[in-house]
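# Structural overview for review
As a plain string of letters, each chain reads:
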Amino acid sequence: MKERYNPHEIEEKWQSRWTESKIFQPEPDSREKFFITIPYPYLNGNLHAGHTRTFTIGDVVARYKRMLGYNVLFPMGFHATGTPIVGLAEQIHKKDPETIRVYNKLHEIPLEVLDTIQTPEQIVEYFSIQAEAAMKIIGFSIDWRRRFTTTDPHYKKFITWQFNLLHSMNKVVKGSHPVRWCPNDENPVEDHDILRGEDATIIDYTLIKFKLSDDLLPCATLRPETVFGVTNLWVNPKIVHVRVKVNGESWIVSREAYEKLRFTDKKVELIAEVKGDELIGKKVTNPVTNSSVLILPASFVSPDNGSGIVMSVPAHAPYDHLALRDLKGADLTKYGINEDVSSIPLISLIKVPEYGKYPAVDAVKELKVKDQNDPKAEEATKLVYRREFHGGVLTETTGKYAGMAVSKIKDVLTRDLIEKGVADVFYEFSESPVVCRCGATCVIKMVENQWFLNYSEPSWKEQVYTCLKNMNIIPPEIRVDFENKVDWLKDKACARRKGLGTRLPWDTAWMIESLGDSTIYMSYYIIAKYLDKFTPEQLKEEFFNYCLMGKGTPESVSEKTGIGVDVIRRIRSDFEYWYPVDLRTSGKDLIPNHLLFFLFHHVAIFPEMYWPRAIAINGFVSLEGQKMSKSKGPILTLRSAVKEYGADVTRLYILSSAEHVQDADWRKADVESTSKQVERFYKLAYDIIKSEDTGEIKLIDKWMLSRLQYRIRETADALNRMQTRRAVQNAFYMLMNDMKWYERRGGRAACKQILNTWVRLMAPFTPHICEEIGEEMGIDMVSLARFPVADAALTDKGAELSEEIIANTLRDMEEIIRLIRIKPKRIVLYTSAEWKKQVLKKAIAMKKDNALDMKTLMNTLMGDPAMRTYGKDIPKFAQKIITDIQGMEPDLMDALLDVDFDEVSALNEAREFISGVVECNIEIYSADAPGYDPQNKSRFASPMRPAIYIE
RNA sequence: GCGGAGGUAGCCAAGUGGUCAAAGGCGGCAGCCUCAAGAGCUGCUCUCGCAGGAGUUCGAGGGUUCAAGUCCCUUCCUCCGCACCA
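Each value, and the rule that gives it
- Residues numbered from 1 in each chain as written.
- Chains lettered and ligands numbered in written order.
- Predicted model: local features only at pLDDT ≥ 70, side-chain atom pairs only at ≥ 80, totals over all residues.
- Heavy atoms only, no water.
- Helix = DSSP H or I, 4+ residues; strand = E, 2+ residues; numbered from the N terminus.
- Buried < 20%, exposed > 50% of the residue type's maximum accessible area, 1.4 Å probe, protein only.
- Contact = heavy atoms within 4.5 Å.
- Areas by Shrake-Rupley, 256 points an atom, 1.4 Å probe, with all protein chains shown as cover.
- Lys, Arg positive; Asp, Glu negative; His and termini not counted.
- Charge placed at Lys NZ, Arg CZ, Asp CG, Glu CD.
- Polar contact = N/O pair within 3.5 Å; in protein donor to acceptor, adjacent residues only side chain to side chain.
- Patch = residues over 30% accessible without salt bridge, like charges linked within 9 Å, V, L, I, M, F, W, Y side chains within 5 Å.
- Salt bridge = Lys/Arg side-chain N within 4 Å of Asp/Glu carboxyl O.
- Pairing = 2+ DSSP bridges.
- Axes fitted to C-alpha atoms, helices over the stretch in contact; angles between N-to-C directions.
- Phe/Tyr/Trp six-rings, centres within 6.5 Å; stacked < 30°, edge-to-face > 60°.
- Lys NZ or Arg CZ within 6 Å of the ring centre and 35° of its normal.
- Parallel < 35°, antiparallel > 145°, perpendicular 65-115°, else oblique.
- Left-handed = near helix turned anticlockwise from the far one by under 90°.
- Nonpolar A, V, L, I, M, F, W, Y, C, P; charged D, E, K, R; others polar.
- pLDDT = per-residue confidence, 0-100.
- 1 Å grid on protein atoms, 1.4 Å probe; cavity = no way out; pocket = protein on both sides within 12 Å on 5 of 7 lines; lining within 4 Å.
- Points joined across faces, edges and corners; volume = space filled by probe spheres on them.

### Some words on the overall build of chain A
Counting secondary structure elements, chain A contains 35 helices and 31 strands. Expressed as lengths along the three principal axes of its C-alpha atoms, the size of chain A is roughly 115 × 80 × 55 Å. Counting all 951 residues of chain A, 55% fall into the buried class. Sequence separation of at least 24 residues holds for 76% of the intrachain contacts in chain A that already meet a minimum separation of 6. Roughly 41900 Å² of accessible area belongs to chain A as shown, and the carbon and sulfur atoms make up 49% of that amount. A distance of 1 Å separates the average location of the 128 positive side-chain charges in chain A from that of its 134 negative side-chain charges.

What follows is the structure, given as structure tokens:
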């Protein structure tokens, strides 16, 4: 150990020592195992501060568990399947200036190296090497024998096996799905390809088909239940409609709607134009209620929205009510309508607490909406919809649906109506236009014959719920997130045309989508160690069936694959030992996707005993308050952070900057201060090791050892809950502060003992520096040493109380001196009179019996003849004590009750120290016998709070 | 719209109904050390106070309680996810 702290030298030394001694390459043994995994990083860039955080948290847990005596497996792989790497290769190849800039400047890749990574394969190769190197220089305790990349031929065999299995279980099915589509590029549009309208989502309307002789007039609605309250349809006389053949039916819709229909999975053929006013005045049949209703003119109907034909529900839709009212007295004879349409009776179908029978009418009155062109009409609509959605219940008008909550009806009713053949689904953007990067306006296209993982299957979800119920979710608050997302998850398209990956074995035109191939790969880590023993071709389905599922026999697998029986047996027993995953720790961005699929696939494929045990989530990292971006910057790579500050400092900082799902912020000023603290720790350790042993244990040593036990307990408790910030704060910063006080108070005797514990306490966070110090202290390998356990025998409440009195008294003295601004010539301290201590103890005892009140306390006290001497002072003091005790921690109460220490001697032990600080001699008396007390200050002395006289 | 997380001092942030005027850190100020700078150490950092005290604070407004940053209601604001994209 050198006098000067040189992080890079120490870190390199210990990293190579760890590698040489293979201590992070576990094999099954008699110990209890702990299998921790972290989602492998995607290889379209260098690892950055966000990875640093997630992986460091994982490494801390791995190291902590190892020091608790677990046999820990912490493996790592790399993710490369999907489209981004292919896209990146294209960008680099065509020397896109922005891409070159970002990868050169932010990902720190030299230009000449960029020239050599122009294909997806080269990119994967390059970044995987970089990533492994980065994880090594920061000291992660990973078993690198198990490393793999998702584009490896062996891995593809594993994915092929998995998908064949899922297919045979009917978990992969064919279907259609709406996607954002660019008609110009003839491709689905991804998020980053959108120029305008990136917030638009796809909304599914229910299309209800009203009948007009041979034609159907479809009306799009988000609230299909209102079909029971339709009084008429609305058609805008000014817009052009068209008659189209849709799957053999004759529909009349707006021209715009026709354009949208062309991209759906329906067969659409344009027949003729139909003017709006030709329709008005005709009667159509409501396909649900069979009632006959009139088509009326309305200006608010837009051709862009839905089908361009709207059903009117004046009882519940303010616009409909207003439009009808606006027609009062209008001359509609040119449409052949002679009746007064404004008197069409309203049909109520929803009961809601805020309104009467006709919510739309009430809302229009409430907001004083004038007519359908009044902007307040929109407001009224939103209000009614919101209230009906949340609090509305369907009435008898809706027949068998009566009594259902409005919020639950949509899916049920839509399904029923589609089954009856009177409705369809119509997709629409939530806002428009949505514009592609190429400039074209996007549409919604039905992708047909797509392969789906049918996550929506209720029995599958049920299993996931069961799994979740038995899992430890860290932090516990996010459990509800998982439950909600499981509920929300629909079927997921799992195949696509482009990108890297594995082909769907039974339909090789498709590539397995990259989230689908990353679900149960934790089990592959067990196999990955043996890859040099066989070729990809040998990895037949029987191999996986046996090794991962226990199906078949080693002999039959061996015969089929040519792999030795011993190896096959070995892999199976490895699997049985290591599985399930004990902890998966991840960034919060993966909750609604990867982590969910991780659970779905595990419950589908493995028996319950191999389902995951725990998931821990952490937040992102920003840079000086700015969000990081892989593709635009700013970004801080793991490598550059370690280069600048060293691995231990980087780790310690990132761990201490935020807790759990909270986002961390990387601030240069703070990192530098962490760096100084670590250096200080090193120097302190160096000095302690080089110092002579000094025998006698004094009060202050007892105090320090007692604090240390407290820090150990706090650190362990924090680590058990994966609160790395709290753990680091106790194990490092608080303990450092304790040490400062200890040193200041002249403590020395316990230094070596403390340091020995301290390096083990800190080892999960800053392993290199701890190894370096540990080596000097004769600890063989700190990474394998036992994590400290708090020793109850070293907890010394008396010492802590004494030290507290000293610190409090000193603080009081300094405050007085500061206030009166004199240089003290004489300072006298008076500790509490004995009777006050007795009062305090009595009061605490009563409090513990829950019997503390002024009257009882006074009675007890006055019953004691010895006390009565102080009769007139007692009530006031007792009152004060009662208030003090109200909020007192039980621990402190116990201490005050149990411990009988002498305040005078406690202060005397620190007399020299206190004198030194205030630069004045100190005299100490008990208030029972004040030697010198000109102002009778001693009467203010109370337990734990000596009185002070300064002149 | 749906679902989730938040609003605490100049900034970041901890905070279990009572040691909360509120941990820790950053920044700032002062002192010590030094030829000096840096580092380190010590103290201060809501307001007032020449005796250890008092007053006003935790987005805003109500309420429950002997006691509220913490519990309840209302309200304002911010951030995140909503899919075929890793």
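### Section: the side chain of Asn 286
Looking at where Asn 286 falls in the secondary structure, it is placed in the loop between β12 (283–285) and β13 (292–297). Only 2.9 Å separates the side chain of Asn 286 from the backbone oxygen of Val 227, close enough to count as a polar contact. Separated by 3.2 Å, the side chains of Asn 286 and Thr 289 make a polar contact.

### Things to note about a nonpolar patch on the surface
Together, Ile 816, Leu 819, Ile 820 and Ile 822 give the surface a local cluster of nonpolar side chains, amounting to about 330 Å² of exposed area. For Ile 820, a relative accessible area of 41% gives the class partly exposed.

### Topic: the sheet that holds strand β30 (residues 922–926)
Strand order in the open sheet formed by three strands is β30-β29-β31, and the pairing between neighbours is mixed. With partners counted over all chains shown, the strands left at the sheet margins are β30 and β31 (947–950), one partner each. If you compare each strand with its neighbour and ignore which way they point, the axes differ by 20° on average. Of the strands in this sheet, β29 (827–831), β30 and β31 touch helix α28 (residues 797–820), which is tilted by about 35° from β31. Helix-sheet contacts for helix α35 (residues 911–918) involve β29 and β30, and the interaxial angle to β30 is about 130°.

### Describing the sheet that holds strand β24 (residues 583–587)
Strand pairing in a sheet relies on backbone hydrogen bonds, with the paired strands running either antiparallel or parallel. Reading across from one edge, β2-β1-β24-β25-β20 is the order of the five strands in this open sheet, with parallel pairing throughout. Single-partner strands in this sheet number two, and they are β2 (71–73) and β20 (472–474). This sheet shows a mean twist of 15° between the axes of neighbouring strands, independent of strand direction. Alignment of strand β1 (residues 33–37) against β2, held across three bridges, turns out to be parallel. Of the residues in β2, the one forming a bridge with Lys 33 is Asn 71.

### Regarding the packing of aromatic side chains
One pass over the structure, following the stated rule, counts 48 aromatic pairs. Note on Phe 148 and Tyr 525: the rings are 5.3 Å apart at their centroids and 50° apart in plane angle, and the pair reads as tilted. With Phe 148 in the loop between α6 (120–137) and α7 (153–168) and Tyr 525 in helix α16 (residues 524–528), this residue pair connects regions lying 377 residues apart in the sequence. Side by side, Phe 148 and Tyr 525 carry an identical accessibility label, which is buried. Within the aromatic cluster, the residues linked to one another by ring pairs are Tyr 40, Phe 148, Tyr 155, Phe 158, Trp 161, Tyr 521, Tyr 524, Tyr 525, Phe 534, Phe 543 and Phe 544. The ring of Trp 460 has Lys 171 sitting right over it, with the charged end atom 4.4 Å from the ring centre. Looking at Lys 485, its charged tip hangs above the ring of Trp 488, at a distance of 5.6 Å from the centre.

### Details of the packing of helix α22 (residues 647–656) against helix α27 (residues 767–776)
Contact pair α22 / α27: the axes reach a minimum separation of 7 Å and the direction vectors enclose 125°. The angle between α22 and α27 falls in the class oblique. Contact residues: α22 offers Ala 647, Asp 648 and Arg 651, while α27 offers Pro 767, His 768 and Ile 769.

### Here's the deal with the pattern of salt bridges
This structure, assessed with the given rule, holds 50 salt bridges. Across the salt bridge formed by Arg 711 and Asp 738, the nearest N and O atoms sit 2.8 Å from each other. With Arg 711 in helix α24 (residues 699–720) and Asp 738 in helix α25 (residues 724–744), the pair connects residues that are 27 residues apart, well separated along the chain. Take Arg 711 and Asp 738: they sit in the same class, and that class is buried. The structure contains a network of salt bridges with shared partners spanning Glu 27, Asp 143, Arg 145, Arg 146, Lys 529 and Arg 570.

### Some words on the packing of helix α11 (residues 359–367) against helix α12 (residues 376–391)
Packing of α11 against α12 leaves a shortest axis separation of 9 Å and a crossing angle of 135°. In terms of their interaxial angle, α11 and α12 are classed as oblique. The element α11 and its partner α12 pack so that their crossing is right-handed. Together, Pro 359, Ala 360, Ala 363, Glu 366 and Leu 367 of α11 and Lys 376, Glu 379, Ala 380, Leu 383, Val 384, Arg 387 and Glu 388 of α12 make up the contact between the two elements. In terms of residue class, the contact of α11 with α12 is built from seven nonpolar, no polar and five charged.

### Describing the environment of Met 781
Within the secondary structure layout, Met 781 lies in the loop between α27 and α28. Along the sequence, Met 781 and Arg 821 sit 40 residues apart, while their C-alpha atoms lie 55 Å from each other. Here Met 781 is in contact with Trp 14, Trp 18, Ser 21, Ile 23 and Glu 771, once residues within four sequence places are set aside.

### Quick notes on the pairing of strand β8 (residues 232–235)
Covered by surrounding structure in β8 are Asn 232 and Trp 234 together with Leu 233 and Val 235, the residues of both alternating faces. With four bridges connecting them, β8 and β13 associate as parallel partners. By the bridge assignment, Val 235 is partnered in β13 with Pro 297. In this sheet, strand β14 (residues 309–312) lies alongside β8 in antiparallel orientation, the contact comprising four bridges.

### Observations regarding α22
Within α22, 10 of the 10 residues are buried, leaving the element largely enclosed by the surrounding structure. Taken together, the buried positions of α22 are occupied by Ala 647, Asp 648, Val 649, Thr 650, Arg 651, Leu 652, Tyr 653, Ile 654, Leu 655 and Ser 656.

### Some thoughts on the confidence of the model for chain A
When pLDDT is averaged across chain A, the result is 89; 100% of the residues are at 70 or more. Quick note on the complex model: pTM equals 0.88, ipTM equals 0.94.

### With respect to empty space enclosed by the protein
Taken as a whole and judged by the stated rule, the model has one cavity of 30 Å³ or more. Each pocket or cavity is described by its volume, and for the largest cavity that value is around 70 Å³. Surrounding the largest cavity, Arg 53, Ile 57, Thr 585, Ala 616, Ile 617, Asn 618, Ala 658, Glu 659, His 660, Met 722 and Thr 724 form its lining. Going through the elements one at a time, α2 (49–67) and β25 (614–618) are the ones with two or more residues in the lining of the largest cavity. When residues of the lining of the largest cavity are assigned to their parent elements, the largest contribution, three residues, is made by β25. Taken together, the residues of the lining of the largest cavity sort by class into five nonpolar, four polar and two charged.

### Quick word on α11
Those residues of α11 not exposed but buried are Pro 359, Ala 360, Val 361, Ala 363, Val 364 and Leu 367. Buried residues belonging to α11 abut α10 (318–326) and α12. Phi turns positive, to about 55°, at Lys 368, one or two residues after α11.

### Points about unusual backbone geometry
Cis geometry is adopted by the peptide bond preceding Pro 475, which originates at Ile 474 and carries an omega value of -5°. Checked against the element boundaries, Pro 475 lands in the loop between β20 and α15 (479–488). Here the amide bond leading from Tyr 579 into Pro 580 is cis, since omega sits at 5°, within 30 degrees of zero. Here Pro 580 is to be found in the loop between α19 (565–578) and β24. A positive phi angle is found at Lys 22, which is not glycine, with a value near 55°. Position of Lys 22 among the secondary structure elements: in the loop between α1 (7–21) and β1. Of note in the backbone geometry, Glu 624 takes a positive phi value of approximately 45° without being a glycine. Along the chain, the position of Glu 624 falls in the loop between β26 (621–623) and β27 (626–627).

### Quick notes on the environment of Asp 331
Considering the arrangement of structural elements, one finds Asp 331 in the loop between α10 and β15 (350–351). Separated by 149 residues in the primary sequence, Asp 331 and Cys 182 have C-alpha atoms spaced 45 Å apart. Polar side-chain contacts of Asp 331 include one of 2.5 Å to the side chain of Thr 333.

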